[in-house]
Amino acid sequence: MAHFGTATGIHGHTSADDDVSKRLLDSAATLSYDPATEIDWDAPLPADGYGLNPEWSTLYGTRLWDEMTEEQRVTLTRHEVCSIMTTGIWFEMILQQMVLRDQYLKNPASAEFRFALTEIADECRHSIMFARACEKMGVPQYRPAAAIAQAGRLFKATAKGELAYGGILVAEEVLDVMQRDWMRGENVLDIVRGTSRIHVVEESRHMKFARQEIRERLRGAGRARRRAAGTGVAVAAFVIVSSMVHRGVYAAAGLDTERALAEVRANQHRKAMMRTSSGHLMAFLAENGLLNRSATAVYRRVDMI
Ligand SMILES: [Fe+2]
Ligand SMILES: [Fe+2]
């Protein structure tokens, strides 16, 4: 497709890079879902259905979990999954704006441009899907702390290149690992299994796109730039991971918030789950020179390493 312009565009985008986007567009054309028709939104929720697999509950493996009634566990996992979904919506809004800004006046003939817009359309459906799932489970919105919400506002307005796509990749990877378990969870609610399946399929393309964009933007980048990007992505990961489950979920399940938070902080099972599920992402970051010493220290604080 060389006749559409020079081989390299604004950020050194080559026709080989565009082939990646072309394949992703083909995949999107054959395997995409409409959650409005794919999910049975009217089916009643069984009283004993968990919001997420118990092993993914922040309290699983603690003494408090053993003391809880089955009803409290069901309530807690529903609030936890809705809190994570709401964080997902928040982050999808941030990334839609970053991708849209990034594509401003780029060549509409390129596959990169078209895939980027396809991704925005996916995210738009995802956010509506998560909003409906939370409404169905009867869980009200959990908002990030005010300072974090403002930091997100700044990030979405200014982050670009490898920093923007790094933040996107981290959010997508973290959610992906959990949702692969949720979509198969035997005692997990059908709406959570269904929405997770849709998300996992469509996000696998987004993650490929983000990895490609990161490699592309970092081509020829020196150590200082990689260090800055690596640290920025780690800070974004810290914010995402520490905002996922809102502290309000414990009171919603009739638990003492301070005790619950203390048990979550000391929960070795939780830390092991986070570490295992971050392995793939950490390998990619290391490969691209984005895992410097200060980034590693940040990832350690949220148990991703
Ligand atoms: Fe999404
Ligand atoms: Fe995505």
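Residues numbered from 1 in each chain as written. Chains lettered and ligands numbered in written order. Predicted model: local features only at pLDDT ≥ 70, side-chain atom pairs only at ≥ 80, totals over all residues. Heavy atoms only, no water.

## Comments concerning the coordination of the iron ion (ligand 1)
Next up, step 1: Within the first shell, the iron ion (ligand 1) binds the protein through Glu92 (OE), Glu123 (OE), His126 (ND1), His199 (NE2) and Glu203 (OE), at distances of 2.0 to 2.3 Å.
Next up, step 2: Here the iron ion (ligand 2) and the iron ion (ligand 1) are spaced 3.9 Å from one another, each receiving a donor from glutamate 123. Placement of the pair is histidine 126 in helix α5 (residues 111-136) and histidine 199 in helix α8 (residues 190-218), with a sequence separation of 73 residues. (Donors = N, O, S within 2.8 Å, 3.2 Å for Na, K, Ca; no water. Helix = DSSP H or I, 4+ residues; strand = E, 2+ residues; numbered from the N terminus.)

## Comments concerning unusual backbone geometry
Next up, step 1: Phi angles above zero are rare outside glycine, and leucine 105 is one such case at about 60°.
Next up, step 2: With respect to the helices, strands and loops of the structure, leucine 105 is situated in the loop between α4 (70-102) and α5.
Next up, step 3: Taking relative accessible area as the criterion, leucine 105 reaches 73% and is therefore assigned exposed.
Next up, step 4: Backbone geometry at aspartate 303 places phi at a positive 60°, although glycine is not the residue there. (Buried < 20%, exposed > 50% of the residue type's maximum accessible area, 1.4 Å probe, protein only.)

## Quick notes on α5
Next up, step 1: Between its terminal C-alpha atoms α5 stretches 37 Å, which fits the 38 Å expected from 26 residues at 1.5 Å a residue.
Next up, step 2: Glycine 138 sits one or two residues past α5 and shows a positive phi near 70°. (Expected span 1.5 Å × (residues − 1).)

## A look at the packing of α5 against α8
Geometrically, a packed helix pair is captured by the angle between its two axes and the distance between the axes.
Next up, step 1: Between α5 and α8, the least distance of the axes is 10 Å, while the angle of their chain directions is 150°. Judged by the inter-axis angle, α5 sits roughly antiparallel to α8. For the crossing formed where α5 meets α8, the hand is left-handed. Contacts between α5 and α8 involve Glu112, Phe115, Ala116, Glu119, Asp122, Glu123, Arg125, His126, Met129, Phe130, Ala133 and Lys136 from the former and Ile191, Thr195, Ile198, His199, Glu202, Glu203, Arg205, His206, Phe209, Glu213, Glu216 and Arg217 from the latter.
Next up, step 2: Broken down by class, the residue content of the contact of α5 with α8 amounts to 8 nonpolar, 4 polar and 12 charged. (Axes fitted to C-alpha atoms, helices over the stretch in contact; angles between N-to-C directions. Parallel < 35°, antiparallel > 145°, perpendicular 65-115°, else oblique. Left-handed = near helix turned anticlockwise from the far one by under 90°. Contact = heavy atoms within 4.5 Å. Nonpolar A, V, L, I, M, F, W, Y, C, P; charged D, E, K, R; others polar.)

Remember that the coordinates give geometry; whether it matters functionally is a separate question.
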